[in-house]
Amino acid sequence: MDATVTSKSDCQSQQVALCPKFQHTFEILGKKWNGLILEVLLNNGNSRFKDIAKLIPRCSDRVLVERLKELEGEGLINRLTHKDSALIEYALTDKGRALNSVMAAAHAWGDAWVSDEECHANETQKNA
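Attention here is on the structure that accompanies the text.

Calculation notes
Residues numbered from 1 in each chain as written. Predicted model: local features only at pLDDT ≥ 70, side-chain atom pairs only at ≥ 80, totals over all residues. Heavy atoms only, no water. Helix = DSSP H or I, 4+ residues; strand = E, 2+ residues; numbered from the N terminus. Buried < 20%, exposed > 50% of the residue type's maximum accessible area, 1.4 Å probe, protein only. Contact = heavy atoms within 4.5 Å. Axes fitted to C-alpha atoms, helices over the stretch in contact; angles between N-to-C directions. Parallel < 35°, antiparallel > 145°, perpendicular 65-115°, else oblique. Left-handed = near helix turned anticlockwise from the far one by under 90°. Patch = residues over 30% accessible without salt bridge, like charges linked within 9 Å, V, L, I, M, F, W, Y side chains within 5 Å. Areas by Shrake-Rupley, 256 points an atom, 1.4 Å probe, with all protein chains shown as cover. Salt bridge = Lys/Arg side-chain N within 4 Å of Asp/Glu carboxyl O. Nonpolar A, V, L, I, M, F, W, Y, C, P; charged D, E, K, R; others polar.

Okay, the overall build of the protein chain next. Each helix and strand counted, the protein chain has seven helices and five strands in total. Along the protein chain, helices (α) and strands (β) appear in the sequence β-β-α-α-β-α-α-β-β-α-α-α when read from the amino end. When each of the 128 residues of the protein chain is scored for burial, the buried share is 24%. At a minimum sequence separation of 6, the contacts of the protein chain that also span at least 24 residues come to 43%.

At their nearest, the axes of helix H2 (residues 34-44) and helix H6 (residues 100-113) sit 11 Å apart, and the two run at 110 degrees to each other. By the angle class used here, H2 and H6 are roughly perpendicular. Like other packed secondary-structure pairs, H2 and H6 cross with a definite hand, here left-handed. Packed against H2, whose contacting residues are Gly-35, Glu-39 and Leu-42, the element H6 presents Asn-100, Met-103 and His-107 at the interface.

All right, on to a nonpolar patch on the surface then. Together, Leu-18, Phe-22 and Phe-26 line one region of the surface with nonpolar side chains, adding up to about 300 Å² of accessible area. Within the element layout of this structure, Leu-18 appears in the loop between strand S2 (12-17) and helix H1 (20-29).

Attention shifts here to the packing of H2 against helix H4 (residues 61-73). Direction vectors running N to C along H2 and H4 enclose 75 degrees, while the axes themselves pass 10 Å from each other. The orientation of H2 relative to H4 falls into the category roughly perpendicular. Facing Asn-34, Ile-37 and Leu-38 of H2, the residues of H4 in contact are Leu-64, Arg-67, Leu-68 and Leu-71. Residue classes in the contact of H2 with H4 are distributed as five nonpolar, one polar and one charged.

Rendered as structure tokens:
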């Protein structure tokens, strides 16, 4: 992915490099379903796969497994197994919990700039 943005000012073309850390952050958060998975864990604490899946019904089980592994690989969540039990839970790490303010800012932006009509129109399009 090209990490430059071209902006035109006074008819001159200028290239501005994006910070690699910023770019990586948006590669993680911008990947479909990742934000919703993180939001579920921020709101509900440790959660089983079936509970996460129930709260994000449009995400297939296969994709949810893939995203959970990716988030674990990024150090944002841990997969917890319990001794003498088949119970497996997913929990945010400190790094994952640190995204709470980012998610709160996204909620505030959505509340300010996304209308109820836009939300309903998106749902109607997705269900068509």
